[in-house]
Amino acid sequence: MQLDDLIAKRAYKAPKKTFCHIDGREYSYLKFNQHVQRMQATIRGLNLDSNRVVLDFDEKINLLAGLVACNREKKIPVVIPIIKDRVKNVDYKLIAGKAAELNNSCILQQKNETPYQEYVYYSDDVQCILFTSGTNGLPKPIELTFGNNYYSSKSWNKLLDFSKNDNYLNILPISHIAGLSIFFRSVYFDFTVHYFQYSKKLLLDYIRLCRADYLSIVPKIGCDLLNNKEAGEALRHLKALIVGGDAINRLFFSFCRDNEINAYISYGMTETSSGIAGYFINKELVFCQNYVGIPHDNVKIDINENKRIQVQSRMVAKNCTINSDIYVTNDIGVIKDDKIFFKNRSDQVIISGGKNIDIGIIESSLLQFNPIFNFVVVGYDDLKWGAVPIIVYEKNRILVDKLELKKFCKRQLPGYMVPKYFIEIKKLPYLPNQKINYNEIKQIILSYLS
């Protein structure tokens, strides 16, 4: 299948139409395309040998324009996180393999008088390389094709029915699939995206400022909104609030349901070009901690012989399939009445003293201790037991008393599942996508035990 460069076409046919707003600055199709053309001139001027080009930009406009420019110049853009979002001690450029680099010092200036040129892409060609978040190990480079991103965009349109007049507020990092997938959707369905850096204080102002129809968030941001009296009213006017990247809790579910917010809970990952399943909260009467939803259009989800969730779809990344575009995830799940339920991840089961301990069960029990209790439970190597569960939690004297927490665990859990250590810290470490940074958690445990 062939795909046209719609940005180039619209810059010629509808030059004044707004394509996006970046940090409050408006870019028409023509203006954005001019940025792309400057990047193209830079790439040609550098005479790059490598087929891969690392995009090392902090500015959103340069990152997005650089991606499109690489596509036009038949180079594969390697999108690495901005400096503050990178996992410590990880050399992304080394992981990316042999690649040239494009950064601010490379950019050439040229007159924006380049005539219209048609660009055509093939669905099986790699459009970009993104990195997984690296929550439990080193980030992995994932090769997403033009077809992956196109079919992902198409499935989201099937679900949400985008209009050309829609405004989509994007506060997620565009170097991650959660944020960049919204860019691809806007290219194919011609709505306007407003890019802002996430701010807990300013989020509701952003929603009003751009008259947002859609907003994508992660559960951590959702929790930030719970104590804001104006949040329910602002979010109620959205066509959809898309929540993904991690599981939601009962409190956020109730908040959305009670405030009549059209929230869609999404399940997906970088390897699947963003969301592949999910459900609308307003169609569910009762909260279920393990419910993932139903598959998107053109997605088949099964449970294999090892109880792993496996995905078959055109959205599955090029370098992640085993055969015929099947991707086997690390998630253990079950399917009941065509609905998918997530049980835990394969690395969440530890063996302690010869007994299997499901970390997910401990976490589910702890959720009942206090609905806004921030914690993480991990398995940690132990010479005597093989592995032991450890809880690391945020210090909050009003909500959490260590002695009461220990008593609660002993009442709720079998003796062998009670966390071996209770480690209190000031604040849990998060990655830029608001997932827990498990690498830092391990360092905190190591420091505590030494």
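Look up a bit, the structure's there.
Residues numbered from 1 in each chain as written. Predicted model: local features only at pLDDT ≥ 70, side-chain atom pairs only at ≥ 80, totals over all residues. Heavy atoms only, no water.

Q: Would you explain the overall build of the protein in this entry?
A: Secondary structure assignment for the protein yields 13 helices and 25 strands. What you see for the protein is a C-alpha radius of gyration of 23 Å, in line with the 22 Å of a compact globule of 450 residues. Taken along its principal axes, the extent of the C-alpha atoms in the protein is 75 × 45 × 40 Å. The burial tally for the protein puts 57% of its 450 residues in the buried class. Relative to all contacts within the protein whose residues are 6 or more apart in sequence, the contacts with residues 24 or more apart total 65%. (Helix = DSSP H or I, 4+ residues; strand = E, 2+ residues; numbered from the N terminus. Rg over C-alpha atoms; globule rule 2.2 N^0.38 Å. Buried < 20%, exposed > 50% of the residue type's maximum accessible area, 1.4 Å probe, protein only. Contact = heavy atoms within 4.5 Å.)

Q: I keep staring at the environment of W156 and nothing clicks. Help me out?
A: As for its placement among the helices and strands, W156 is situated in helix α5 (residues 146-160). The residues contacting W156, other than those within four sequence positions of it, are D161, F162, R185, I242, Y264, S266, S274, G275 and H296. Separated by 3.2 Å, the side chains of W156 and S274 make a polar contact. (Polar contact = N/O pair within 3.5 Å; in protein donor to acceptor, adjacent residues only side chain to side chain.)

Q: Would you mind showing me how to read empty space enclosed by the protein here?
A: One way to see where empty space is left: roll a probe the size of a water molecule over the atoms. Counted according to the given criterion, the structure contains 2 cavities of 30 Å³ or more. In this structure, the largest cavity occupies an estimated 140 Å³ of space. Lining the largest cavity are 15 residues; nearest its centre among them are N71, Y121, Q127, V187 and Y188. Broken down by secondary-structure element, the contributors of at least two residues to the lining of the largest cavity are β1 (2-4), α1 (6-13), α3 (60-72) and α6 (177-189). Of all the elements, α6 adds the most residues to the lining of the largest cavity, at 4 residues. Split by residue class, the lining of the largest cavity holds 11 nonpolar, 2 polar and 2 charged. (1 Å grid on protein atoms, 1.4 Å probe; cavity = no way out; pocket = protein on both sides within 12 Å on 5 of 7 lines; lining within 4 Å. Points joined across faces, edges and corners; volume = space filled by probe spheres on them. Nonpolar A, V, L, I, M, F, W, Y, C, P; charged D, E, K, R; others polar.)

Q: Just checking my understanding: could you explain the nonpolar core for this structure?
A: Taken as a class, soluble globular proteins show a tendency for nonpolar side chains to be buried jointly. Residues F32, L55 and F183 are the most contacted members of the largest nonpolar core, which totals 76 residues. Residues within four places of F32 in sequence aside, it is in contact with I7, F19, C20, Y27, I61, L64, A65, V68 and F183. L169, A234, I281 and F341 belong to the second largest nonpolar core, which has 35 residues in total. (Core = buried A, V, L, I, M, F, W, Y, C linked by side-chain atoms within 4.5 Å.)

Q: Whenever I open this one, the pairing of strand β4 (residues 52-55) confuses me. Can you help?
A: Along any regular strand, the residues point their side chains to alternate faces of the sheet. As paired elements, β4 and strand β5 (residues 76-79) share 4 bridges and run parallel to each other. Looking at the pairing, V54 lines up with V78 of β5. Handedness of the crossover joining β4 and β5 through α3 is recorded here as right-handed. Note: β4 against strand β6 (residues 100-102), 3 bridges, orientation parallel. (Pairing = 2+ DSSP bridges. Right-handed = clockwise from strand over helix to strand, strands pointing away.)

Q: What should I look at first to understand the packing of α5 against α6 in this one?
A: Geometry of a packed helix pair, given as the angle between the helix axes and the separation of the axes. It is the contact of α5 with α6, at a shortest axis distance of 9 Å, that shows an interaxial angle of 75°. When the interaxial angle is binned, α5 and α6 end up roughly perpendicular. Across the interface between the two elements, F146, N149, Y150, S153, K154, W156 and N157 from α5 touch F184, R185, Y188 and F189 from α6. Split by residue class, the contact of α5 with α6 holds 6 nonpolar, 3 polar and 2 charged. (Axes fitted to C-alpha atoms, helices over the stretch in contact; angles between N-to-C directions. Parallel < 35°, antiparallel > 145°, perpendicular 65-115°, else oblique.)

Q: Help me understand unusual backbone geometry in this model?
A: Most of the time, phi is negative for any residue but glycine, and the peptide bond is trans. Residues other than glycine seldom take positive phi values, yet D23 does so here, at roughly 50°. Tracing the backbone shows D23 in the loop between β2 (18-22) and β3 (25-28). By relative accessible area, D23 is classed as partly exposed at 46%. Not every positive phi belongs to a glycine, and S274 is a case in point at roughly 95°. Judged by relative accessible area, S274 falls into the buried class, the value being 7%.

Q: Just checking my understanding: could you explain the sheet that holds strand β23 (residues 375-382) for this structure?
A: Pairing between sheet strands relies on hydrogen bonds along the backbone, with the strands arranged either parallel or antiparallel. Reading across from one edge, β23-β24-β25 is the order of the 3 strands in this open sheet, with mixed pairing throughout. On the outer flanks of this sheet lie β23 and β25 (421-425), each paired with one strand and no other. The sheet shows a mean angle of 30° between the axes of neighbouring strands, direction not considered. Here helix α11 (residues 359-366) sits on the sheet in contact with β23 and β24 (386-394), set at roughly 145° to β23. Contacting β24 and β25, helix α12 (residues 402-412) runs over the sheet at an angle of about 145° to β25.

Q: I tried to follow the packing of aromatic side chains on my own but got confused; where do I start?
A: Any aromatic ring pair is given by two values, namely how distant the centres are and how the planes are angled relative to each other. Using the criterion set out here, one finds 24 aromatic pairs in the structure. Clustering of aromatic rings is evident, with ring pairs tying together F19, Y29, F32, F183 and F184. K31 extends its terminal NZ or CZ atom over the ring of Y27, reaching a point 5.2 Å from the ring centre. Of note, R185 hangs over the ring of W156, and the distance from its end group to the ring centre comes to 4.4 Å. (Phe/Tyr/Trp six-rings, centres within 6.5 Å; stacked < 30°, edge-to-face > 60°. Lys NZ or Arg CZ within 6 Å of the ring centre and 35° of its normal.)

Q: Help me understand the packing of α3 against α6, please; the structure alone is not making it clear to me.
A: Interaxial distance between α3 and α6 falls to 12 Å at its minimum, and their mutual angle equals 60°. Judged on the interaxial angle alone, α6 and α3 are oblique. Both α3 and α6 take part in a crossing whose hand is right-handed. Every residue of α6 that contacts α3 at L64, L67 and V68 is listed here: L180, F183 and F184. Of the residues assigned to the contact of α3 with α6, the class counts are 6 nonpolar, no polar and no charged. (Left-handed = near helix turned anticlockwise from the far one by under 90°.)

Q: Looking at this model, I keep getting lost on α1. Mind explaining?
A: Note: α-helices contain 3.6 residues per turn, so residues at a spacing of three or four share the same orientation. Along α1, the residues that are buried comprise L6, I7, A8, R10 and A11. Buried residues in α1 make contact with β1, β2, α2 (29-46), α3 and α6. Where α1 begins, the capping side chain belongs to D5, and its oxygen is found 3.2 Å from the backbone nitrogen of I7.

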